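Per-entry structural report
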Amino acid sequence: MEAYKLWVRRNRDLVRSLESLANGLTWILPERFANSEIAPEAVYALLGVVSSVNQHIIDAPTENHSFASKEQSIPWGLVVSVLKDVEAVVEVAAQHFVGDDRKWSFLAVTEAVKAGVRLAAFRESGYKMLLQGGEVANEEEVTVLENNYGVNGNGVPAIYPMDGHAGNGHKAMTKGLDGKNGFVSKSLEKRAVAALNKFGENTKMMSDPMWMRRLQPTPEPTVMVAEKPTLASIWSAKGGTGRLFVLGEVVHIFRPLVYVLLIRKFGIKSWTPWLVSLAVELTSLGIHSHATDLSHRLGKVHQLSSAERDELKRRKMMWALYLMRDPFFASYTKRHLQKAEQVLNPVPLIGFLTGKLIELLEAVQTRYTYTSGS
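Bear in mind the structure is a predicted one, so any value in this text is a computation, not a measurement. (Residues numbered from 1 in each chain as written. Predicted model: local features only at pLDDT ≥ 70, side-chain atom pairs only at ≥ 80, totals over all residues. Heavy atoms only, no water.)

On the surface, Met 1, Tyr 4, Trp 7, Leu 14, Leu 18, Leu 46 and Val 50 cluster together into a nonpolar patch covering about 690 Å² of accessible area. Within the secondary structure layout, Met 1 lies in the segment before α1 (2-10). Take Met 1: its relative accessible area is 64%, and that puts it in the exposed class. (Patch = residues over 30% accessible without salt bridge, like charges linked within 9 Å, V, L, I, M, F, W, Y side chains within 5 Å. Areas by Shrake-Rupley, 256 points an atom, 1.4 Å probe, with all protein chains shown as cover. Salt bridge = Lys/Arg side-chain N within 4 Å of Asp/Glu carboxyl O. Helix = DSSP H or I, 4+ residues; strand = E, 2+ residues; numbered from the N terminus. Buried < 20%, exposed > 50% of the residue type's maximum accessible area, 1.4 Å probe, protein only.)

A few words on unusual backbone geometry. At the junction of Asp 326 and Pro 327, the peptide bond is cis and its omega measures out at 5 degrees in the coordinates. Along the polypeptide, Pro 327 turns up in the loop between α11 (306-317) and α12 (328-344). Non-glycine residue Gln 132 carries a positive phi angle of around 55 degrees. With respect to the helices and strands, Gln 132 occurs in the loop between α5 (103-124) and β2 (142-145). The exposure class assigned to Gln 132 is partly exposed, which follows from its relative accessible area of 40%. The backbone of Leu 349 sits at a positive phi, close to 65 degrees, despite the residue not being glycine. With respect to the helices and strands, the residue Leu 349 is situated in the loop between α12 and α13 (350-365).

With 27 residues, helix α10 (residues 271-297) should cover 39 Å at 1.5 Å per step; its first-to-last C-alpha distance of 38 Å lies within 8% of that length. Taking the backbone nitrogen of Thr 272 as reference, a side-chain oxygen 3.2 Å away marks Ser 270 as the first, capping residue of α10. (Expected span 1.5 Å × (residues − 1). Polar contact = N/O pair within 3.5 Å; in protein donor to acceptor, adjacent residues only side chain to side chain.)

A few words now on the pattern of salt bridges. A full pass over the atoms with the stated rule returns eleven salt bridges. One salt bridge connects Lys 103 with Glu 91, and the closest N-O pair in it is separated by 3.1 Å. One end of the pair, Lys 103, is in helix α5; the other, Glu 91, is in helix α4 (residues 76-98), with twelve residues separating them in the sequence. Judged by its relative accessible area of 4%, Lys 103 falls in the buried class. The shortest N-O distance in the salt bridge between Glu 311 and Arg 315 comes to 2.9 Å. Here Arg 315 and Glu 311 lie together in helix α11, a separation of four residues that amounts to about one turn. Residues joined in a network through salt bridges with shared partners are Glu 249, Glu 311, Arg 314 and Arg 315.

Distances and angles like these do not, on their own, reveal function.
What follows is the structure, given as structure tokens:
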């Protein structure tokens, strides 16, 4: 296994090219959306699992890193990716063997497992926002500053977080903004103070006799281990805003499970699952927005990182999938697609491509896993 990992890291471009070629070949398999498509879907899922494993190997930190977080016992992001690929096979197999109505019981079990895994990933990350459903790690960006020895005056590398949720570590780093510990602020005044202090440290170092410096032991590089905050520490440090943030994320995690359970009870043609799922989406986003606004009003620091802001934008864009879900699709979207096909059908080539596109959309719409956004 180690030899395979080494090969993947050294040939990452070749690996990605082979994966793209293999995924492209799956689309030319016959009867992709026919009733008996278990085998093609299983092949596609297997390729997805292999791709996820390879990406995990490429993204995994190596032993040469000077900074590291606590070793994860389970790669939750990889588990979520594998579950998403397997879920498509579960849906197709269940539909083939037990029918359209009873397949929702199997999908409910799958979504329950995914929700449990995402809760574990949410806890493992220190209760940070899940990126792409937990497939991407939400890691805090840091800036490392070193003096001539590669460390600060205490023999420890200096770290300053670029963005993200600030907690007790932020207070400690604010203490070092005067330059004593080598931290740098975006403020020009504090940059000047830090530069003057560093100049003083360098001058003192130059004034020390060379033989005294040689007698001093050279500090060894220190591996910084980031401590993950607990739920109790978040609630005590951030109060109501921290509770709201955790609540909003938990609501978002359970949204797919609620949607499938409602479909299992009321049926896919009922408006109840569609409306409740949309309401849960809006509630989750509203809680996140309210938590951020409340923290600003209370003067607390609750800044979203750039990755978290992009994640909220991605979640909003995923709302477009509601146009592809029944009963909205059958009542409105399909009707407008058919009108567009009638208008563009006389146009050479464009009419043909439009018809094929609409045919593909109608086939994709029949699969929950293709339009679930989970």
